[in-house]
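Architecture at a glance
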Amino acid sequence: TGRLAFVSDQFKNLDIFGRNLDIFTMNPDGTDVQIITKNLDIEVDPSWFPNSSKILFSRWNWNTLFWEMYSINPDGTGETKLPINGRNTSWRPRQ
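Here's a quick rundown of the structure. (Residues numbered from 1 in each chain as written. Predicted model: local features only at pLDDT ≥ 70, side-chain atom pairs only at ≥ 80, totals over all residues. Heavy atoms only, no water.)

1. Regarding the sheet that holds strand β6 (residues 66-72)
Put simply, the rule reads: We treat two strands as partners when DSSP finds at least two bridges between them. Strands are runs of DSSP state E lasting at least two residues, helices are runs of H or I lasting at least four, and both sets are numbered from the N terminus onward. Axis geometry follows a simple rule: fit a line to the C-alpha atoms, using only the stretch in contact for helices, then measure angles between N-to-C directions, giving values from 0 to 180 degrees.
Within the open sheet, the 4 strands sit side by side as β4-β5-β6-β7. Their pairing is antiparallel. The open sheet terminates on both sides in strands that have one partner only, identified here as β4 (43-48) and β7 (80-85). Going from strand to strand, the sheet's axes swing by 30° on average, the running direction of each strand aside. Bridge analysis of β4 against strand β5 (residues 55-61) gives 4 bridges, and the strand direction is antiparallel. Bridge assignment links V44 to a residue of β5, and that residue is S58.

Shown next as structure tokens:
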């Protein structure tokens, strides 16, 4: 898509501990900033699928106290929890 995915606290939707990070996308020149996740959770480590069809990211789960992995469409729809936990969201070819 040519867009960049990044993390910011731009909207300051703070959780009860005063922390919040959301996933955003923008054009490489900094224009057309779009929020992809907007909630009280902490989301980090956005990474594009190799074909740019989805963004992979990690979310802190306050109930389990684990990082969980999710995928989401670039327009913020279709969020899916993946059956793995952690924060390593780099895509690599299978060995």
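2. Brief notes about the nonpolar core
This is how the line gets drawn: For our purposes a nonpolar core is just a set of buried Ala, Val, Leu, Ile, Met, Phe, Trp, Tyr and Cys residues, chained together by side-chain atoms within 4.5 Å. When a residue's accessible area, from a 1.4 Å probe over protein chains only, is under 20% of the maximum for its type it is buried; when over 50% it is exposed; and in between it is partly exposed. The contact rule is simple, with two residues in contact once any of their heavy atoms fall within 4.5 Å.
Of all hydrophobic cores here, the largest spans 7 residues; its members are I23, I36, W48, I55, F57, Y70 and I72. Those elements that place two or more of their residues in this core are β5 and β6. Among residues more than four places away in sequence, those in contact with I23 are F6, V7, Q34, I35, I36, T37, E43, V44, P46 and F57.

3. Brief notes about the pattern of salt bridges
Filter applied, for reference: Any carboxyl oxygen of Asp or Glu that lies within 4 Å of a side-chain nitrogen of Lys or Arg is treated as forming a salt bridge with it.
All chains considered together, the criterion is met by 4 salt bridges. Residues R59 and D41 are paired through a salt bridge, measuring 3.5 Å at the closest nitrogen-oxygen approach. One end of the pair, R59, is in strand β5; the other, D41, is in the loop between β3 (34-35) and β4, with 18 residues separating them in the sequence. Note that R59 and E43 form a salt bridge whose closest N and O atoms lie 2.8 Å from each other. Within this pair, whereas R59 is found in strand β5, its partner E43 is found in strand β4, the two being separated by 16 residues in sequence. Here R59 and E43 have matching classes, each one buried.

4. Structural notes on the packing of aromatic side chains
Two aromatic rings, taken as a pair, are described by how far apart their centres are and by the angle between their planes. Definition in use: Stacked, edge-to-face and tilted labels apply to pairs of Phe, Tyr and Trp rings (six-membered ring for Trp) whose centres lie within 6.5 Å, assigned for plane angles under 30 degrees, over 60, and everything in between, in that order.
Applying the stated criterion across every chain yields a total of 4 aromatic pairs. Measuring from ring centre to ring centre gives 5.3 Å for W60 and W67, while their planes differ by 65°; the resulting arrangement is edge-to-face. Judged by relative accessible area, W60 falls into the buried class, the value being 17%. With a relative accessible area of 21%, W67 lands in the partly exposed category. An aromatic cluster of three or more residues is present, and its members are W60, W62 and W67.

5. What to know about the environment of K54
The condition that has to hold: Pairs of N or O atoms are called polar contacts if they sit within 3.5 Å, as long as, within protein, a hydrogen donor faces a hydrogen acceptor (for residues adjacent in sequence, only side-chain-to-side-chain pairs).
Residue position: K54 is located in the loop between β4 and β5. As a C-alpha pair, K54 and P74 span 20 residues in sequence and 5.7 Å in three-dimensional space. In contact with K54, not counting residues within four places along its chain, are S47, W48, F49, S71, I72, N73, P74 and G78. At a separation of 2.7 Å, a polar atom in the side chain of K54 contacts the side chain of N73.

The analysis is restricted to geometry; functional conclusions fall outside its scope.
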